[in-house]
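A structural walkthrough
Here are the chains, one letter per residue:
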Amino acid sequence: MSAESQSQSTKASLYGRSYANVNLGIFLIFFGIVGAVPLYALTMNIIFKQPDIEWRVGIVIGLVSIILGALLIKYSKLRFQVAPNSDGSGTISVQEGLLRRPMVYSYSPGAKIKLAMANTDAGAARELMQVTLMDGSLYYLLDSRPISKMQESRIIAEFFCKKSGLKLLLPHYGNLLLESTDLDLPFPERVKKYPTLIGVEPSKPPSCPITITDLNGGIDRRYSWGFLANGLLGQLISLLMIAFAIACLPLFEEGDSYSSLLNYAMQMQDYTFFYAGIAVVGLIAAVLLGLGVTITAEGYRINVSYKLWGLVYKQRSMLISKLEEIAAKEKSTGACVLLISDDLIISIRLSTPILANYLASELRHFIAKKE
């Protein structure tokens, strides 16, 4: 997304990708490829009674339609615009695509921008991030997108607040109101001004598989865990159940009855398929059992390392001065901890919401103490 200030007025604009005209663009491309030449020929022949058709004209029409469709898909923009007044009131407009009129919402002094997750009827798989303008008893939904686009939602919400001077409402922190001037504060400074962000002291769950190690005399800290906390136990059990079902359930028809792969292998005295299956399942299980994660809050950075039997295969890093929020989120397959900045969101998977909440709380309290 790109922001732009308009010097000729107090208006400020933020542009993003719009999908409003995608269907029309696809139709124009399809028409240019398939329908332009035949339709031109039929029109000239039936309506204008011209037996000799100039095919090049139809081809040109088709090419023009294809180009227009491609341009419509590529350059359709989602535009957010803020026009504040000196008294704290103003307007917010949202225009999606080239062919739709902008929706314009007026706000009064004291209005708020709300950034919150919303559940749909489809459950956790269709969770949405929504940006809403709240003005007294009036609520205007400005933007809604899948939870996977959380970073874009944050950019939009912060754009509205910074350009309008409105406060940002965060319901998941007890309806915390952030001043527009505090939206870029790093986490240690932010929690000093808004202590509710840090939450209650972490309480370690029983049989917690997360190991915490103090480094450099307690100045830095490392959090590490392996398979039991990764949320992969369900996948391993599912893999074994699928393998068992393929091997033992009567899935194959033989005359008037059904037979399983195991029965077939016993009859033929050929277990090659099972040897290969055991090798594949064993290899996958070995990979899953060897996966681990290490989070190191050291110096000015927080590093997340993903390991396979102790060897790092992927690493993510974020400056603590850029870190703005540490959140725990429940998912359909477990939970995760989110390290959030304007430029990056690092998602760290865990097996249960209890572990995710504990780790998020631990990280909040430790990083809040770092200068």
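Everything numeric here is computed off the predicted structure, so don't read it as measured data.

For the structure on display, the rule yields 1 cavity of 30 Å³ or more. Of the pockets and cavities examined, the largest cavity occupies roughly 40 Å³. Every residue lining the largest cavity is listed: L115, R154, E158, L168, L170, L178, L183, R190 and E325. Taken together, the elements giving at least two residues each to the lining of the largest cavity come down to α3 (150-164) and β9 (167-170). Here the lining of the largest cavity is composed, by residue class, of 5 nonpolar, no polar and 4 charged.

Turning our attention to the pairing of strand β15 (residues 291-298). With 7 of 8 residues buried, β15 lies mostly within the body of the structure. The turn joining β15 and strand β16 (residues 301-308), which pair antiparallel and follow one another in sequence, is formed by 2 residues; a positive phi near 65 degrees is taken by G299.

Once that is clear, we can look at the pairing of strand β12 (residues 220-225). Judged by how many residues are buried, β12 sits mostly within the fold: 5 of 6 residues are covered. Across 5 bridges, strand β11 (residues 211-215) lies against β12 in antiparallel orientation. Considered in β12, the bridge of T213 is made with R222. In this antiparallel pair of consecutive strands, β11 and β12, the connection spans 4 residues, and N216 shows a positive phi of 55 degrees. In this structure, β12 lies alongside β15, joined through 5 bridges in antiparallel fashion. Across the sheet, W225 pairs through a bridge with V293, a residue of β15.

With respect to the element layout, Q95 can be found in strand β4 (residues 90-96). In this structure Q95 comes out as buried when scored by relative accessible area, which is 18%. Those residues within four positions of Q95 in sequence are excluded, and the remaining contacts are K77, L78, R79, R100 and P102.

This part takes up helix α1 (residues 22-47). Between its first and last C-alpha atoms α1 spans 32 Å; for 26 residues at 1.5 Å apiece the expected length is 38 Å, and the helix comes up short by more than 12%. G35 marks where α1 bends most, by close to 60 degrees; the proline P38 follows one to four residues later. Among the residues making up α1, those that are buried are V22, G25, G32, A36, Y40, A41 and M44. Residues of α1 that are buried in the fold lie against α2 (55-75). K49 occupies a position one or two residues after α1 and carries a positive phi of about 55 degrees.

This part is about the confidence of the model for the protein. Put simply, the protein has an average pLDDT of 85, and 93% of its residues get 70 or more. Looking at the elements of the protein, mean pLDDT is at its lowest for strand β1 (residues 2-5), recorded as 61, and at its highest for β12, recorded as 95.

Counted under the stated rule, the structure contains 4 aromatic pairs. For the ring pair F80 and F160, a centre distance of 5.6 Å and an interplane angle of 90 degrees mean the geometry is edge-to-face. Taken together, the positions of F80 in strand β3 (residues 77-84) and F160 in helix α3 put the pair 80 residues apart, joining distant regions of the chain. With respect to burial, F80 and F160 carry one shared label: buried. Measuring from ring centre to ring centre gives 5.8 Å for F159 and F160, while their planes differ by 55 degrees; the resulting arrangement is tilted.

Quick look at the nonpolar core now. Counting 70 residues, the largest nonpolar core has I113, F160, W225, L339 and L363 as the members making the most contacts within it. The biggest single contributor to this core is helix α8 (residues 353-369), with 9 residues. Apart from the residues within four sequence positions on either side, L363 is in contact with Y223, I295, I302, I326, V337, L339 and A368.

Moving on to the sheet that holds β15. Here we have 5 strands laid out as an open sheet, ordered β11-β12-β15-β16-β17, and antiparallel in their pairing. Both edges of this open sheet fall to β11 and β17 (311-319), since each of them pairs with a single strand only. Taken over all neighbouring pairs, the strand axes of this sheet differ in orientation by 15 degrees on average, direction set aside. Of the pairings in the sheet, the one linking β15 to β16 comprises 8 bridges and is antiparallel in character. Within β16, the position partnered with A297 by the bridge is I302. Of the strands in this sheet, β15 and β16 are in contact with helix α7 (residues 272-290), which crosses β15 at around 20 degrees.

In this section: unusual backbone geometry. Generally, phi is negative for residues other than glycine and the peptide bonds are trans, each holding for most cases. Residues other than glycine seldom take positive phi values, yet N175 does so here, at roughly 55 degrees. In the Ramachandran plot, N216 falls in the positive-phi region, its phi being about 55 degrees despite a non-glycine side chain. Topologically, N216 is positioned in the loop between β11 and β12.

Glancing now at the pattern of salt bridges. Taken as a whole and assessed by the stated rule, the structure comprises 13 salt bridges. Two residues, E325 and R154, come together in a salt bridge whose shortest N-O distance is 3.1 Å. Here E325, found in strand β18 (residues 325-331), pairs with R154, found in helix α3; they are 171 residues apart in sequence, far enough to count as distant. By relative accessible area, E325 is classed as buried at 7%. You can call R154 buried: its relative accessible area is 6%. Of the charged contacts in the structure, one is a salt bridge between K162 and D184, with a shortest N-O distance of 2.9 Å. Of the two residues, K162 sits in helix α3 while D184 sits in the loop between β10 (176-178) and α4 (187-193), which places them 22 residues apart along the sequence. Beyond isolated ion pairs, a larger network of salt bridges with shared partners links R154, E158, K162, D184, R190, E324 and E325.

Cut-off values and rules
Residues numbered from 1 in each chain as written. Predicted model: local features only at pLDDT ≥ 70, side-chain atom pairs only at ≥ 80, totals over all residues. Heavy atoms only, no water. 1 Å grid on protein atoms, 1.4 Å probe; cavity = no way out; pocket = protein on both sides within 12 Å on 5 of 7 lines; lining within 4 Å. Points joined across faces, edges and corners; volume = space filled by probe spheres on them. Helix = DSSP H or I, 4+ residues; strand = E, 2+ residues; numbered from the N terminus. Nonpolar A, V, L, I, M, F, W, Y, C, P; charged D, E, K, R; others polar. Buried < 20%, exposed > 50% of the residue type's maximum accessible area, 1.4 Å probe, protein only. Pairing = 2+ DSSP bridges. Contact = heavy atoms within 4.5 Å. Expected span 1.5 Å × (residues − 1). Bend = angle between axes of the 7 residues up to and from the residue. pLDDT = per-residue confidence, 0-100. Phe/Tyr/Trp six-rings, centres within 6.5 Å; stacked < 30°, edge-to-face > 60°. Core = buried A, V, L, I, M, F, W, Y, C linked by side-chain atoms within 4.5 Å. Axes fitted to C-alpha atoms, helices over the stretch in contact; angles between N-to-C directions. Salt bridge = Lys/Arg side-chain N within 4 Å of Asp/Glu carboxyl O.

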